[in-house]
Amino acid sequence: MTATIDALPDLLSPVRFHQVGKTFGTGQKAVVALDGVDLEVSAGEFVCLLGASGCGKTTLLNLVAGLDRPTSGRIELNSSRPAVVFQEPALMPWLTAAGNVELPLRMAGVPKAQRRAKAAELLELVRLAGLGDKRPHELSGGMRQRVALARALASTTDSGDAGKPSLLLMDEPFSALDAITRDVLQGELLRIWRATGTAILFVTHDVREAVRLGQRVVLLSSRPGRVVRQWDVNDAPDAVDEINTALRKVISSHAA
Amino acid sequence: MPLEVQEEGSVEAGLDALDTPIHTSEGSRLRQIAARVLPPVGAIVILVAIWQALWAAAFWPEFKLPAPAAVWSQIWQLVTSGDIGGLFWVSVHRAVIGFAISLLIAVPLGLAIANITVVRRGIGPLVSGLQSLPSVAWVPAAILWFGLNDRAIYWVVLLGAVPSIANGLVSGLDQVPPILPRVGKALGAGRFGGIRYILLPAALPGFLGGLKQGWAFSWRSLMAAELIATSPELGEGLGQYLHNGMSLSDISMVFAGIVLIFVVGVGIELLVFRPLESSVLRARGLTSSAR
């Protein structure tokens, strides 16, 4: 699997933001999505980014994933290629579940036997062993999202830069699922996080989800997105009310 | 702890079992085939019955509306004399070669139109326009340029099929959900990896639609070209057979020609394109089983 924390004597932060800003458009109609964001994720850390709509959570994730570039500031990436899980599973409908997991390995030129083994291993990690030859439309929503997670993990492990900490980016991955499935998958994610030791940057608008999953919760304001406050929720699982109050305050400041 | 983990796993397994979409197959294989074959056969039987009735009522003189039996005997004569093989060979091999060349031209063309903005703006409307121009219109020019030979015929077929195939590919590429190339990029796809592993397979259903239409256009254009450009050096295809029927004022021969052209066109669609399309769509869960 990926390099675990204990294997890394020197703990590099997989990602560090230096005064990152992102503006869409120019002139009068320009929208400032992010402004002066400083943020650091430590190796193996689980960080939840929390915010209402329009706070630039997704923009922030896209910047780390390399799908977009910041207009100002700098993002320091010390991880292997970040794995990304989107809100929709976005599986390739022409490939089987295993084929989807193998896709990033195939694009990286990994030999067939090795890809097979890796895909089987990752499908087992997300508890889908034996379902590798199912097509996406034959799977439930929760199963698809788990395939997407396995595929994302495959995309980090192909690159030769082992030794660098790994980083998993998740953009509201469970928000389109029903409550029961979401609950189970949150538990699964924690298990996988512990098993792989990867750092996770998890975007959500659900306070309970953020507190349950994260070690640290970062609240972003909306338009422009700035870091408002951070909570260390590892030892304070009852922080939900406090964070909720802070989130409401941020949202109501837009009422005027 | 191990107990809790196991329990969580079993909850998940239970959820998976409950949530997995259920796919039922409808009845036996024989029934499925019957349900597919009977309606078109029934339609043909009704059509022939009406034709027979009209002929029997003698609304039109015999030289305008032949008896179904007379047309059948024309076709049967072609079959027994073995001439039908030659007719089919001449026309079908031309159509297949023309279609293959069209494919070689249309795929790079479609890729360029879909991916390069300047090319799309410049050539895109031209290609769409060519699609609505009947390719028969090119027959006179082709004969003047190339003379009465196969090259003239291929030229007409190309102009019929290339725009359809290219347009099919373009619309297939345009309909790829934007999330897929983004996911591809996040998974490490470069420019060519993205085209090869994401865009082209994602565009396949639309592209197949274009291929099907391209085949119809190339068959249609070929028949028009054969019908107009007749000469001994060209050999006798179905179009020339039809033309001969007209020259001989033999209406049953004309009808036989039409029936044969129809049979080949529909046959290739049913034998080649329909199975291809339905297997692609089924693999992606895009069909209802009733189609």
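Residues numbered from 1 in each chain as written. Chains lettered and ligands numbered in written order. Predicted model: local features only at pLDDT ≥ 70, side-chain atom pairs only at ≥ 80, totals over all residues. Heavy atoms only, no water.

Within an unreviewed UniProt entry, the label attached to chain B reads NitT/TauT family transport system permease protein, and the organism entered is Kribbella kalugense. The UniProt entry for chain B carries this comment under Subcellular location (unreviewed entry): "Cell membrane". Its UniProt record gives chain B a comment under Sequence similarities (unreviewed entry), which states: "Belongs to the binding-protein-dependent transport system permease family." (UniProt positions renumbered as here; feature names shortened; annotations may be inferred.)

Per an unreviewed UniProt entry, the recorded name for chain A is NitT/TauT family transport system ATP-binding protein, and the organism is Kribbella kalugense.

Draft legend 1. Main features of unusual backbone geometry. Unusually for a residue other than glycine, A90 of chain A sits at a positive phi of about 50°. Tracing the backbone through its elements, the reader meets A90 of chain A in the loop between β5 (83-85) and α2 (97-107). Its relative accessible area of 10% is what places A90 of chain A among the buried residues. With phi around 55°, A58 of chain B is a residue other than glycine that occupies positive phi space. (Helix = DSSP H or I, 4+ residues; strand = E, 2+ residues; numbered from the N terminus. Buried < 20%, exposed > 50% of the residue type's maximum accessible area, 1.4 Å probe, protein only.)

Draft legend 2. The arrangement of the UniProt feature "domain: ABC transmembrane type-1" (unreviewed entry) in chain B in detail. Taking the numbering used here, the UniProt-annotated feature "domain: ABC transmembrane type-1" (unreviewed entry) corresponds to residues 88-272 of chain B. Across residues 88-272 of chain B, helical content stands at 84% and strand content at 0%; the span's end C-alpha atoms are separated by 17 Å.

Draft legend 3. Here's a closer look at the UniProt feature "transmembrane region" (unreviewed entry) in chain B. All names here are of chain B. Per the UniProt record, the feature "transmembrane region" (unreviewed entry) sits at residues 37-60, 95-114, 126-146, 152-173, 194-211 and 251-273. Here residues 95-114 runs as 100% helix and 0% strand, with 27 Å between its end C-alpha atoms. Secondary structure over residues 194-211 splits into 100% helix and 0% strand, and the C-alpha atoms at its two ends are 23 Å apart.

Draft legend 4. Seen up close, the sheet that holds strand β3 (residues 46-50) of chain A. All names here are of chain A. Spatially, the six strands line up as an open sheet ordered β5-β6-β7-β3-β8-β9, and their pairing is mixed. The outermost strands of the open sheet, each flanked by one partner alone, are β5 and β9 (227-232). Pairwise comparison of adjacent strand axes, ignoring direction, gives a mean angle of 15° for this sheet. Pairing geometry for β5 and strand β6 (residues 167-171), over three bridges, is parallel. Bridging across to β6, V85 finds its partner in M170. (Pairing = 2+ DSSP bridges. Axes fitted to C-alpha atoms, helices over the stretch in contact; angles between N-to-C directions.)

Draft legend 5. Layout of the sheet that holds strand β4 (residues 72-77) of chain A. All names here are of chain A. Across the sheet, three strands lie side by side as β2-β1-β4; this open sheet has antiparallel pairing. In this open sheet, the two edge strands, each paired with only one partner strand, are β2 (31-41) and β4. Averaged over all pairs of adjacent strands, the angle between their axes in this sheet comes to 20°, without regard to strand direction. Of the strand pairs in this sheet, strand β1 (residues 15-24) and β4 are connected by five bridges, and their pairing is antiparallel. Considered in β4, the bridge of F17 is made with I75. Where helix α1 (residues 57-65) meets the sheet, its contacts fall on β1, β2 and β4, and the angle it forms with β1 comes to roughly 120°. (Contact = heavy atoms within 4.5 Å.)

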